[in-house]
Amino acid sequence: LNWLVPQSLGQAESLDSIAESAIKRMETLPERNGNFYNGVNLQNLSLAFDWLYDYPGFDSNRKAAVREKMLLMAEKLIDRVEGREVVYGTDIMHNYCSNAALAVGLAGLALWEGPDDSQAGRLLQIASDWYFEGVFPAMEMMEGGWHEGMAYSLNHFLEETPIWLAAYRTATGEDWFA
């Protein structure tokens, strides 16, 4: 969360001022900058949204505004991975799929408001499909590795996949590690 939390964490600032600073940053994120719509930014925003959810200064109006940004970011990633925007395409061997899957999945978990929340539920379903129909089968073809070498395995799969599995288990109780 480097981009949300100041480097001075633990020094003179109070937790309230850090939380307020993070919310303001979330509220002012670019809305139409195509370069901003990447998995890492949505992953960070999702973690911050979850972290701040019960903070008194993160009221329902502020949550709703950030939620809309997160849904827009998730849609942009979905368009990229599913080929509606010709950036990545649907090839499961593309290293961006796991990054986007984690981002869309974390957004779904952070935004989840219950069984009637079709938007967050859709994000969770898409992320699960990407993992079980794309990322995991691609890794199985290479006996758990990634065809682009160890750097991609470390950066995209060995780091991101356990985060998704742990986050999903913490939120739902379902253990996909097993």
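Shown above is the structure to which this text applies.
Quantities reported herein were computed from a predicted structural model and do not represent experimental measurements. (Residues numbered from 1 in each chain as written. Predicted model: local features only at pLDDT ≥ 70, side-chain atom pairs only at ≥ 80, totals over all residues. Heavy atoms only, no water.)

### Some words on the layout of surface pockets
In this approach, a probe sized like a water molecule rolls over the atoms, and the result shows the empty space that is left. Spelled out, the test is: Cavities and pockets were defined on a 1 Å grid built over protein atoms only: a cavity is a set of grid points that admits a 1.4 Å probe from which the probe cannot escape, a pocket is an open set flanked by protein on both sides within 12 Å along at least five of seven lines, and lining residues are those with an atom within 4 Å of any such point. Grid points are joined across faces, edges and corners, and a volume is the space filled by probe spheres set on the points. Secondary structure elements follow DSSP: runs of H or I no shorter than four residues count as helices, runs of E no shorter than two count as strands, and numbering proceeds from the N terminus. For this scheme, ten residues count as nonpolar: Ala, Val, Leu, Ile, Met, Phe, Trp, Tyr, Cys and Pro. Four count as charged, namely Asp, Glu, Lys and Arg, and the remainder, Gly too, count as polar.
When its volume is computed, the largest pocket comes out at roughly 150 Å³. Around the largest pocket sit Ser46, Leu47, Asp50, Leu106, Leu109, Ala110, Ala167, Thr170 and Ala171, which together line it. Going through the elements one at a time, helix H2 (39-52), helix H4 (96-111) and helix H7 (160-172) are the ones with two or more residues in the lining of the largest pocket. For the lining of the largest pocket, the class distribution of residues is six nonpolar, two polar and one charged.

### Some thoughts on the pattern of salt bridges
Selection rule: Salt bridges are defined as contacts in which a side-chain nitrogen from Lys or Arg sits within 4 Å of a carboxyl oxygen from Asp or Glu. Throughout, exposure labels follow a simple rule: accessible area from a 1.4 Å probe, protein chains only, divided by the maximum for the residue type, with under 20% read as buried, over 50% as exposed, and the rest as partly exposed.
Tallying each qualifying case throughout the model produces six salt bridges. With its nearest N and O atoms 2.6 Å apart, the salt bridge here joins Glu27 to Arg62. Taken together, the residues Glu27 in helix H1 (residues 15-27) and Arg62 in helix H3 (residues 60-81) connect sequence positions 35 residues apart. Under the relative-accessibility criterion, Glu27 is labelled partly exposed at 28%. Each of Glu20, Glu27 and Arg62 takes part in a single network of salt bridges with overlapping partners.

### Concerning the packing of H1 against H2
Note the threshold: Helix axes use the C-alpha atoms of the stretch in contact, all axes being lines fitted to C-alpha atoms, and the angles between their N-to-C directions lie in the range 0 to 180 degrees. For classification purposes, angles smaller than 35 degrees are called roughly parallel, those larger than 145 roughly antiparallel, those between 65 and 115 roughly perpendicular, and all remaining angles oblique. Each crossing gets its hand from how the near helix is turned against the far one by less than a right angle, where anticlockwise is left-handed and clockwise is right-handed. Contacts were defined at the residue level, with two residues in contact if any of their heavy atoms lie within 4.5 Å.
Orientation of H1 relative to H2, taken along the N-to-C sense of each, is 135°, at an axis distance of 11 Å. Considering their axes alone, H1 and H2 lie oblique with respect to each other. Seen from above, H1 lies across H2 with left-handed handedness. Listed contacts from H2 to Ile18, Ala19, Ala22, Ile23 and Met26 of H1 are Leu45, Ala48, Phe49, Trp51 and Leu52. Among the residues forming the contact of H1 with H2, the class breakdown is ten nonpolar, no polar and no charged.

### Looking at helix H5 (residues 118-141)
Note the threshold: What a helix should span is 1.5 Å times the count of its residues minus one. What we call the bend at a residue is the angle made by axes fitted to the seven residues finishing there and the seven residues starting there. Throughout this description, a polar contact denotes any pair of N or O atoms lying within 3.5 Å of each other; where both atoms belong to protein, one of them has to be capable of donating a hydrogen while the other can accept it, and for residues adjacent in sequence the pair is counted only when both atoms sit in side chains.
The end-to-end C-alpha separation of H5 is 33 Å, in line with the 34 Å expected for 24 residues at 1.5 Å each. The sharpest bend along H5 reaches about 35° and sits at Tyr131. Where H5 starts, the residue carrying a side-chain oxygen 3.3 Å from the main-chain nitrogen of Gln119 turns out to be Asp117.

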